[in-house]
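Commentary on secondary and tertiary structure
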Amino acid sequence: MLGATSTVGQHPTDPVDPVLSVRDLSTTLRTGQGDVHAVRGVSFDLAPGEVLGVVGESGAGKSMLLLSIAGLAPASIVRSIEGAALLGGRDLLRLTPRQRQRVLGHELTMIFQDPGTTLNPLMAVGDQIAEVITNHAAVPRRQLWARVIRLLDTVGIPAAARRVDDYPHQLSGGMRQRVGIAIAIANEPKVILADEPTTALDVTIQAQILDVLAEARARTGAATILVTHDLGVIAEVADRVLVMYGGRVQESASVGTLFEDPRHPYSLALMSCQPRLHGDEPARSIPGSPPNVTEAVVGCVFAPRCSRRMSMCLEIEPELEPVEPGHPVACHAVNADLAGERTDVAAR
Amino acid sequence: MSLPDEGPLLVVDDVSVVYRGRGPRAADVRAVDGASLSLDVREAVGLVGESGCGKSTLARTIVRLQEPDRGAIRFGGVDIAHVPRRRLRRLRRGLALVFQDPSTSFNPRITIEGSLLEALQATHGRAGTGGTQRIVELLDLVGLGEEVAARYPHQLSGGQLQRVSIARALACEPRIVVLDEPVSALDVSVQAQLLEVLARLRAGTEAAFLLIAHDLAVVRQVCDRVLVMYLGRIVEEGLTREVFAAPHHPYTQALLSAVPVADPSQRGSKDRIRLPGELPDPSAVPPGCPFHPRCWRASERCREEAPQLLPIGPRRVACHHPLAVDDLPAPPDATDKDRSPARVR
């Protein structure tokens, strides 16, 4: 059931206007094996200052979701992007290239996994930060430079005044990611899209960068969508989580709820995949491999790998339905559990 | 190969590796500095540390892809660090190496069967390889079906290909398998599959494993014993379970504490240590204890005198001010692990 809509995590009583509203976002890519439905009917609201974690295996559609919102999905392979992504009353999916240039790097910014490939190797890092600022506002040169140094200082680059003249290759991976964050927060964005920002780093540096991101959020009040495959990072940083599989949101909940009471069999399987630092429980793999959603989907995309598969799972794709307020899950087995509980209560 | 009945399978004794700086101003880099370790039959030992700490160099030196500048590597009664190259080939049969990225360690124009056959022939000669039958057995050991044999490397996924590279390592019936970051390029679920394969192999083969990884949880899953490296030196050694529950070296504690805990209820409650700065330039190792500029327990002595790796109980620790067991916060233990599957790491 392609393009099924439902609004994830939207509380009817939520008093705060969302800073970003994504509605029924679907991205289809052209590939040698036919069209791939990379993102299918994803909807969510992002509150100001909130950190929304997006987790799932490679190929779940996490990165394509971010790239679609930012308008950075490679045009050469995009067949179509449908739905809406509303930021300040404008639909990001319907911007002209010129309008997009004004939004990107200003209200909406992106942090990538490896800033070694996104920074310009021929330009000093200070100039690259200055460029992002002057692209969106006229700032006198002296003030500009002070601001660049202050930004490098905010992201924890020691001796910032001297490092502005460094080129990316003179910096370590951790330092380059700090520069990437400085560029992302230079214009005090409303929304930061971070795609695996710490995956390429050592744990000690990862911990530092997560602190820097928290500090940057505190300074700018920006909301963040954080894509990662690491549930540990999610547990430490996110307020709310989307679990994605096969291009769709399979479960969404506050971070506390997701870790205490995960419902979707995929969420559970993903959690037991992660090797543990303590205890005797070994990591358990999920049998099979993630799908390439090339055709119209029949049934649940996770069904072939699912331990709770029922016959209807192979025929009807489950919709996201709340198991409790603010906790939607797309699973027939979970729905059956709930129905069972309700009958139990009624019988008593 | 005959082995001494007594003593460890492999002994690395005071090995140093220096990469010579090229050019007039380039300094030498001491990638491994006086590392000593031993490996027993059927044992699995992990080597952990940040990028640039010398763990891969040490692994490559053990299989002598890298020449050591000092020290001895005794394996099967021979010092392989000093045997002539022509004798190395025979000795290497007892040692196998699995690389991080299998897509760069297979010939793209040879089928999987061809690659495995090559490994078998290198060990047993052209005859007596056991041929197809043996190849099917090897693939089965790593959980792959025989249909994989006819495929080319690009037709397999990263996880499948990494399993083939383990099968290839096992083809020479090694006494020791050295695995250099075998799972770090893989997705979580595939990583779990590979960890399952390694656990099965440990139970089913005679080989000992030396696992290099930066992911501490991976080492915890596979290894009985762990060695922690910092700037080319081994700073702590002990049983994985004990080291992870109560580290003695401040660096080990900092590493463990940096691992994100997949339990939001522990957010902020953990006594978290944030190491300041990054690994120093290995061509300019700080004097004294190499860790002292980042260490919160460092004293005057640490700035001047490098600590030796000395026994503390069953462990070895290189620190002037080791953490005593009662200094440590209680680890997030397995006592209530049945609470939820999310209580991982």
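A word on the overall build of chain B
Helix and strand counts for chain B come out as ten helices and twelve strands. The globule rule puts the C-alpha radius of gyration for 345 residues at 20 Å, and the 21 Å found for chain B is close to it. The principal-axis extents of the C-alpha atoms in chain B amount to approximately 65 × 55 × 45 Å. In chain B, which comprises 345 residues, the proportion classed as buried is 47%. The contacts in chain B between residues at least 6 apart in sequence include a share of 65% that link residues at least 24 apart.

Quick look at the sheet that holds strand S5 (residues 78–79) of chain B
Residue and element names in this part refer to chain B. Sheet architecture is open: four strands sit in the order S2-S1-S4-S5, paired in antiparallel fashion. Of all strands in the sheet, those with a lone pairing partner are strand S2 (29–39) and S5, marking the two edges. Relative to S5, strand S4 (residues 70–75) runs antiparallel, the two sharing two bridges. In the strand pairing of S5, Phe 75 is matched with Val 78. Strands strand S1 (10–19), S2 and S4 of the sheet are contacted by helix H1 (residues 55–62), whose axis makes an angle of about 60° with S2.

Observations regarding the interface of chain A and chain B
Counting residues at the interface gives 43 residues for chain A, matched by 43 residues for chain B. Elements supplying a minimum of two residues to the side of chain A that touches chain B: helix H8 (203–220), helix H9 (231–237), helix H10 (255–260) and helix H11 (265–273) of chain A. The greatest single-element share of the side of chain A that touches chain B, amounting to seven residues, is contributed by H8(A). Considered class by class, the residues forming the side of chain A that touches chain B number 18 nonpolar, 15 polar and ten charged.

As for the pairing of strand S3 (residues 44–48) of chain B
On a regular strand, one side chain projects to one face of the sheet and the next to the other, so that they alternate. Residue and element names in this part refer to chain B. With five of its five residues buried, S3 lies for the most part within the structure. Burial of the side chains of S3 extends over both faces: Ala 44, Gly 46 and Val 48 are buried on one face and Val 45 and Leu 47 on the other. In the sheet, S3 pairs with strand S9 (residues 225–230) via four bridges, with the strands oriented parallel. Note on S9: the bridge partner recorded for Gly 46 is Val 226.

Some remarks on unusual backbone geometry
Residues and elements named next belong to chain B. Phi at Glu 181 is positive, roughly 50°, even though this residue is not glycine. For Glu 181, the position within the fold is in the loop between strand S7 (176–180) and helix H6 (188–204). By C-beta crowding, Glu 181 is classed as partly exposed, having 19 other C-beta atoms within 10 Å. One non-glycine residue with positive phi stands out, namely Leu 231, at about 45°. Assignment of secondary structure puts Leu 231 in the loop between S9 and strand S10 (233–239).

Looking at the pairing of strand S1 (residues 20–31) of chain A
Residues and elements named next belong to chain A. Sheet analysis places S1 next to strand S2 (residues 34–46), joined by nine bridges and oriented antiparallel. Bridge assignment links Arg 30 to a residue of S2, and that residue is Asp 35. By the bridge criterion, eight bridges tie S1 to strand S4 (residues 78–87) in an arrangement that is antiparallel. Within the sheet, the bridge partner assigned to Val 22 lies in S4 and is Ala 85.

Re the confidence of the model for chain B
Residues and elements named next belong to chain B. In this model, chain B carries a mean pLDDT of 86, and residues with pLDDT of at least 70 account for 90%. Across residues 330–345, confidence stays below pLDDT 50; counting only partners more than four residues off in sequence or on other chains, it has 37 contacts. For this predicted complex, the interface score ipTM comes out at 0.84, while the overall pTM is 0.87.

Section: the environment of Arg147(A)
Residues and elements named next belong to chain A. Relative to the assigned elements, Arg 147 resides in helix H5 (residues 141–154). Owing to 15 C-beta atoms within 10 Å, Arg 147 belongs among the partly exposed residues under this scheme. Sequence spacing of Arg 147 and Ile 183 is 36 residues, and the spatial spacing of their C-alpha atoms is 12 Å. With sequence-adjacent residues up to four places away left out, Arg 147 is seen in contact with Ile 133 and Val 139.

So, the sheet that holds strand S11 (residues 310–312) of chain B
Residue and element names in this part refer to chain B. If you trace the eight strands from one edge of the open sheet to the other, you get S6-S7-S8-S3-S9-S10-S12-S11, paired in mixed fashion. The open sheet is flanked by strand S6 (95–98) and S11, the only strands paired with a single partner. Along the sheet, successive strands turn relative to each other by an average axial angle of 25°, direction set aside. Direction of pairing for S6 relative to S7: parallel, over a ladder of four bridges.

Topic: the environment of Arg240(A)
Assignment of secondary structure puts Arg240(A) in strand S9 (residues 240–245). In the structure, Arg240(A) is positioned 36 residues away from Arg276(A) in sequence and 23 Å away in space, judged by C-alpha atoms.

What to know about the packing of H8(A) against helix H9 (residues 250–258) of chain B
One can describe the packing of H8(A) onto H9(B) by two numbers: an axis separation of 8 Å at closest approach and a directional angle of 55°. Put simply, H8(A) runs oblique to H9(B). Judged by the twist between their axes, the crossing of H8(A) over H9(B) is left-handed. Residues Val203(A), Thr204(A), Gln206(A) and Ala207(A) of H8(A) form the contact with H9(B), whose participating residues are Ala254(B), Leu255(B) and Ala258(B). Among the residues forming the contact of H8(A) with H9(B), the class breakdown is five nonpolar, two polar and no charged.

As for H1(B)
Residue and element names in this part refer to chain B. Within H1, eight of the eight residues are buried, leaving the element largely enclosed by the surrounding structure. Among the residues of H1, Lys 55, Ser 56, Thr 57, Leu 58, Ala 59, Arg 60, Thr 61 and Ile 62 are the ones counted as buried. In the segment just after H1, Arg 64 is the residue with positive phi, at about 55°.

The rules behind the values
Residues numbered from 1 in each chain as written. Chains lettered and ligands numbered in written order. Predicted model: local features only at pLDDT ≥ 70, side-chain atom pairs only at ≥ 80, totals over all residues. Helix = DSSP H or I, 4+ residues; strand = E, 2+ residues; numbered from the N terminus. Rg over C-alpha atoms; globule rule 2.2 N^0.38 Å. Buried ≥ 20, exposed ≤ 12 C-beta atoms within 10 Å, placed from the backbone. Contact = placed C-beta atoms within 7 Å. Pairing = 2+ DSSP bridges. Axes fitted to C-alpha atoms, helices over the stretch in contact; angles between N-to-C directions. Nonpolar A, V, L, I, M, F, W, Y, C, P; charged D, E, K, R; others polar. pLDDT = per-residue confidence, 0-100. Parallel < 35°, antiparallel > 145°, perpendicular 65-115°, else oblique. Left-handed = near helix turned anticlockwise from the far one by under 90°.

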